[in-house]
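# What the coordinates show
Chain residues, written in single-letter form:
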Amino acid sequence: AQSVTQLGSHVSVSEGALVLLRCNYSSSVPPYLFWYVQYPNQGLQLLLKYTSAATLVKGINGFEAEFKKSETSFHLTKPSAHMSDAAEYFCAVSEGPAAGNKLTFGGGTRVLVKP
Amino acid sequence: EAQVTQNPRYLITVTGKKLTVTCSQNMNHEYMSWYRQDPGLGLRQIYYSMNVEVTDKGDVPEGYKVSRKEKRNFPLILESPSPNQTSLYFCASRGLGSGRAAYEQYFGPGTRLTVT
């Protein structure tokens, strides 16, 4: 069975500072990993995904994430936070076609950006 | 524009009054699913459908029903809503073809349901 843990339900960063959101997963097979962003009163938007290609994945809005198999992690980073990054972020794992491509989500991390 | 639509966006109802939340996608996707989002729990899958007339339970199906009579529509039915079903609901869809595109789910804008 697959599961996802996001460390920290709330993160506060200053504008211009590094954004680091932590995600650890468990999976019985090589996983597919995703980060989604949810802006206030909106649905989920895909930020980036890892599907067994390069371990460093670049996404939209300057975000990137690195897949580290030895640490079972897929942390999300952005070098310089912008006010528009204030949102909730969800890490998700899928075990691929063999498991029906089911997505399992972490509990989410809400990011607050201070001016 | 490719999109998943849900209606209504907001709904307040009373315990036991049957309701339906509609979901429609215009991308000809085979796979559709419903999630509920609760604070600290992320999104949990309620039901999913691999194609017309093919549905299956997700992680939290109790108290919900679905149907898939047409490829584009996947309504969520609460026959007798209870306060513990107060939540934010999302519909999602994706294709079932091979390749990386098959892994990307498209989400609707959400339906906020309050059951009193």
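Look above for the structure.
So, a few notes on the structure that sits alongside this text. (Residues numbered from 1 in each chain as written. Chains lettered and ligands numbered in written order. Predicted model: local features only at pLDDT ≥ 70, side-chain atom pairs only at ≥ 80, totals over all residues. Heavy atoms only, no water.)

## Some words on the overall build of chain A
Within chain A one finds 0 helices and 11 strands. For the C-alpha atoms alone, the extent of chain A along its principal axes is close to 45 × 30 × 20 Å. Each of the 115 residues in chain A was classed as buried or not, and the buried ones make up 48%. Partitioning the intrachain contacts of chain A with sequence separation of at least 6 by distance along the chain shows that 57% fall at a separation of at least 24. Accessible area of chain A: about 5,200 Å², with a carbon and sulfur share of 55%. When the 9 positive and 7 negative side-chain charges of chain A are each reduced to one mean point, those points stand 2 Å apart. (Helix = DSSP H or I, 4+ residues; strand = E, 2+ residues; numbered from the N terminus. Buried < 20%, exposed > 50% of the residue type's maximum accessible area, 1.4 Å probe, protein only. Contact = heavy atoms within 4.5 Å. Areas by Shrake-Rupley, 256 points an atom, 1.4 Å probe, with all protein chains shown as cover. Lys, Arg positive; Asp, Glu negative; His and termini not counted. Charge placed at Lys NZ, Arg CZ, Asp CG, Glu CD.)

## What about the overall build of chain B?
Check the secondary structure of chain B and you find 0 helices and 11 strands. Reading chain B from its N end, one meets helices and strands in the order β-β-β-β-β-β-β-β-β-β-β. Its C-alpha radius of gyration of 14 Å places chain B within 12% of the 13 Å reference for a compact globule of 116 residues. When the backbone C-alpha atoms are referred to their principal axes, chain B occupies close to 45 × 30 × 25 Å. Here chain B holds 116 residues, and 48% of them are scored as buried. The contacts of chain B with a sequence gap of at least 6 include a subset with a gap of at least 24, amounting to 54%. Of the accessible surface of chain B, which amounts to about 5,500 Å², a share of 50% is contributed by carbon and sulfur atoms. (Rg over C-alpha atoms; globule rule 2.2 N^0.38 Å.)

## Topic: the packing of aromatic side chains
A full pass over the atoms with the stated rule returns 14 aromatic pairs over all chains. Consider the rings of Y36 of chain A and F107 of chain B, whose centres lie 5.4 Å apart with planes at 80°: the pair is edge-to-face. In this pair, Y36 of chain A sits in strand 4 (residues 32-38) while F107 of chain B sits in strand 10 (residues 106-107), so the two residues belong to two different chains. An identical accessibility class is assigned to Y36 of chain A and F107 of chain B; each is buried. One aromatic cluster in this structure is built from F34, Y36, F90 and F105 of chain A together with Y35, F90 and F107 of chain B. Over the ring of F74 of chain B we find R68 of chain B, and its NZ or CZ is 6.0 Å from the ring centre. The cationic tip of R94 of chain B hangs over the ring face of Y31 of chain B; the distance from NZ or CZ to the ring centre is 3.8 Å. (Phe/Tyr/Trp six-rings, centres within 6.5 Å; stacked < 30°, edge-to-face > 60°. Lys NZ or Arg CZ within 6 Å of the ring centre and 35° of its normal.)

## Some words on the interface of chain A and chain B
In this assembly, 23 residues from chain A lie in contact with 22 residues from chain B. Overall, the association of chain A and chain B removes approximately 1,800 Å² of surface from exposure, summing both partners, and the carbon and sulfur fraction of that is 51%. In this assembly, chain A and chain B are joined by 0 salt bridges. Those elements giving two or more residues to the side of chain A that touches chain B turn out to be strand 4, strand 5 (44-50), strand 9 (87-94) and strand 10 (103-105) of chain A. Among the elements that take part in the side of chain A that touches chain B, strand 4 of chain A stands out by supplying 4 residues, more than any other. For the side of chain A that touches chain B, a count of residues per class yields 10 nonpolar, 10 polar and 3 charged. (Buried area = accessible area lost by both parts, 1.4 Å probe. Salt bridge = Lys/Arg side-chain N within 4 Å of Asp/Glu carboxyl O. Nonpolar A, V, L, I, M, F, W, Y, C, P; charged D, E, K, R; others polar.)

## Some remarks on the pattern of salt bridges
A side chain with one charge can pair with a side chain of the opposite charge if their charged atoms come near. Within the structure shown, the criterion is met by 8 salt bridges over all chains. The partner of E64 of chain A in a salt bridge is K58 of chain A, and the shortest N-O contact between them spans 2.8 Å. Since its relative accessible area comes to 23%, E64 of chain A is described here as partly exposed. For K58 of chain A, a relative accessible area of 63% puts it in the exposed group. The residue R44 of chain B makes a salt bridge to D38 of chain B at a minimum N-O spacing of 2.8 Å. Overall, the relative accessible area of 26% leaves R44 of chain B in the partly exposed class. Taken together, the shared-partner salt bridges in this structure form one network comprising K18, K65 and E79 of chain B.

## A closer look at the layout of surface pockets
Its boundaries defined by the atoms lining it, the largest pocket holds a volume of some 470 Å³. Around the largest pocket sit 26 residues that line it, and Q38, E88 and R110 of chain A together with Q37 and L88 of chain B are the ones nearest its centre. Mapped onto the lining of the largest pocket, the elements with two or more residues apiece are strand 9 of chain A together with strand 4 (31-38), strand 9 (87-94) and strand 11 (111-115) of chain B. Looking at the lining of the largest pocket residue by residue, the class counts come to 7 nonpolar, 14 polar and 5 charged. (1 Å grid on protein atoms, 1.4 Å probe; cavity = no way out; pocket = protein on both sides within 12 Å on 5 of 7 lines; lining within 4 Å. Points joined across faces, edges and corners; volume = space filled by probe spheres on them.)

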